[in-house]
Amino acid sequence: MGEYLTQPYHLSFAGNSFMGITNLGSAQCLVDHGLGVLQKAQRIGATSSSAMIAAVLATAPNKLPDYLYSLFELIDEIATLPLGAISPGFDLIHRLRSILLKILPEDAHIKASQKLHLRATMLQAVDKYQTLAVQDVEQGTSSCVRTKGPKVFEIGNRCWSLGQEVELVSYASREDLIEVLLGCIYVPWFPTWQPPQVSGKILGDSALSRLENFPAEPSFHFPPGKVIKISPDPKCRTAIRDKIACGWVDTTGQRFEITSLQMFRIGDGLYPPPKGHMEAYYADGYEDATKFLKFYHSYDENEKGNGPRSDRYAAIHSPEDLKF
């Protein structure tokens, strides 16, 4: 039973906060047992937390274990903080920048350009007293004006305007690549997090520009070909409903509909599960990729990495699940 992979094809990683460690397990399995599949993939696309996984996979796949251990150390650090990743004095962006500087090679931007597709939202710092444009408001049932957005919001001493979602495929330097990767996970909710900047432009998580209350499947402008989508299995324990954070402050003095879901999913990102759970999520992703490679007769038998598991938490696939 099974099929064979046919070219051309691309890889797509969905973001899922710290739960994206499931995708890290799948990526490591490709390196250990599916190197042929990985080398023949023309492009790699990613959003949110999976952007960093995809970047390491595209530029330094041998460093995936180092990235995993660095994440575990970061999780242990966050677990000791009273308010998780938003504790005063803790800058998650700075910590992740330090990890990327240690792991990504000097020529990472060269290897990633035209290979790695990343999606983010443009952000712009604005005057908090800026007048709201007519197209951004509608008349409510009362005499009060109701905003659709909000398009402008205030966090701490900063005011922001949401821009369009963009896709980046070219990186001028290693530093620019790192800033783009950090921008893919940045949300302006927390004043202690310094916003990443690329050529003077500020980027944020692509989820900021979307309306869905559930994780959206990323879509990339790949060349023609099939797409192998890597994301937590819907039947797996990591496929949970997004946590919605109501952190907007409408600077226009008007009110807005809270049902406009341009808000970031933060629950498990700010308070990651215990490391033991994260290790299990990683193993889930590794096993999912193992089953995929075996189904497509692309599994390289060797002594590397994890062998197949069999426990009550493992994701269960049917052949239909494995087709793309």
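Residues numbered from 1 in each chain as written. Predicted model: local features only at pLDDT ≥ 70, side-chain atom pairs only at ≥ 80, totals over all residues. Heavy atoms only, no water.

Section: the overall build of the protein chain
For the protein chain, the helix and strand inventory stands at 10 helices and 11 strands. Per-residue burial for the protein chain yields a buried fraction of 53% across its 324 residues. Nonlocal contacts in the protein chain, meaning residues at least 24 apart in sequence, comprise 81% of its contacts between residues at least 6 apart. Here the protein chain has roughly 14,800 Å² of accessible surface; of this, 53% comes from carbon and sulfur atoms. (Helix = DSSP H or I, 4+ residues; strand = E, 2+ residues; numbered from the N terminus. Buried < 20%, exposed > 50% of the residue type's maximum accessible area, 1.4 Å probe, protein only. Contact = heavy atoms within 4.5 Å. Areas by Shrake-Rupley, 256 points an atom, 1.4 Å probe, with all protein chains shown as cover.)

Observations regarding the side chain of arginine 43
Inspection of the secondary structure puts arginine 43 in the loop between helix H2 (35-40) and strand E2 (44-47). The side chain of arginine 43 is buried and forms no salt bridge, while glutamate 167, the nearest opposite charge, is found at 7.0 Å. A polar contact is formed between the side chain of arginine 43 and the backbone oxygen of glutamine 114, at a distance of 2.9 Å. In terms of polar contacts, arginine 43 uses its side chain to reach the side chain of histidine 117, at 2.9 Å. Residues within four places of arginine 43 in sequence aside, it is in contact with Tyr9, His10, Leu11, Gln114, Lys115, His117, Phe222 and Pro223. (Lys, Arg positive; Asp, Glu negative; His and termini not counted. Salt bridge = Lys/Arg side-chain N within 4 Å of Asp/Glu carboxyl O. Polar contact = N/O pair within 3.5 Å; in protein donor to acceptor, adjacent residues only side chain to side chain.)

Here we look at unusual backbone geometry
Geometrically, the link from glutamine 7 to proline 8 is a cis peptide bond, its omega value of 0° lying close to zero. Looking at the element boundaries, proline 8 is found in the segment before strand E1 (9-13). We note that serine 48 has phi near 50°; this positive angle belongs to a residue other than glycine. As for its position among the elements, serine 48 is in the loop between E2 and helix H3 (50-59). The phi dihedral of glutamine 114 falls on the positive side, at around 65°, and the residue is not glycine. Among the residues examined, glutamine 114 registers a relative accessible area of 42% and is labelled partly exposed.

Thoughts on the pattern of salt bridges
As enumerated under the stated definition, the model contains 10 salt bridges in all. With its nearest N and O atoms 2.8 Å apart, the salt bridge here joins glutamate 165 to arginine 119. Taken as a pair, glutamate 165 in strand E7 (residues 158-168) and arginine 119 in strand E3 (residues 116-125) lie far apart in primary sequence, 46 residues in all. By relative accessible area, glutamate 165 is classed as partly exposed at 23%. Accessibility expressed as a relative area gives 11% for arginine 119, which makes it buried. Connected through shared salt-bridge partners, Arg119, Glu165 and Glu167 make up one network.

A word on the pairing of E1
Working note: regular strand, side chains alternate between the two faces of the sheet. In terms of burial, E1 is largely enclosed, as five of its five residues are buried. Residues of E1 alternate between two faces, with Tyr9, Leu11 and Phe13 on one and His10 and Ser12 on the opposite face, all of them buried. Taken together, the five bridges between E1 and strand E10 (residues 226-230) define a ladder with parallel strand orientation. Counterpart to serine 12 in the pairing with E10 is lysine 229. (Pairing = 2+ DSSP bridges.)

Points about helix H7 (residues 174-183)
Each turn of an α-helix holds 3.6 residues, which means side chains three or four residues apart point in the same direction. Within H7, eight of the 10 residues are buried, which leaves it mostly tucked inside the rest of the structure. Looking at H7, one finds that the buried residues are Arg174, Leu177, Ile178, Glu179, Val180, Leu181, Leu182 and Gly183.

Concerning helix H5 (residues 92-103)
Compared with an ideal rise of 1.5 Å per residue, which puts 12 residues at 16 Å, H5 spans 17 Å between its outermost C-alpha atoms and is within 8% of the ideal. Taken together, the buried positions of H5 are occupied by Leu92, Ile93, Leu96, Ile99, Leu100 and Ile103. What you see down the axis of H5 is that its buried residues fit within an arc of 125°, all on one side. Those residues of H5 hidden inside the fold are in contact with H3, helix H4 (64-79) and H7. The N-cap of H5, judged by a side-chain oxygen 3.0 Å from the amide nitrogen of isoleucine 93 a few residues on, is aspartate 91. (Expected span 1.5 Å × (residues − 1). Arc of directions from axis to C-beta.)

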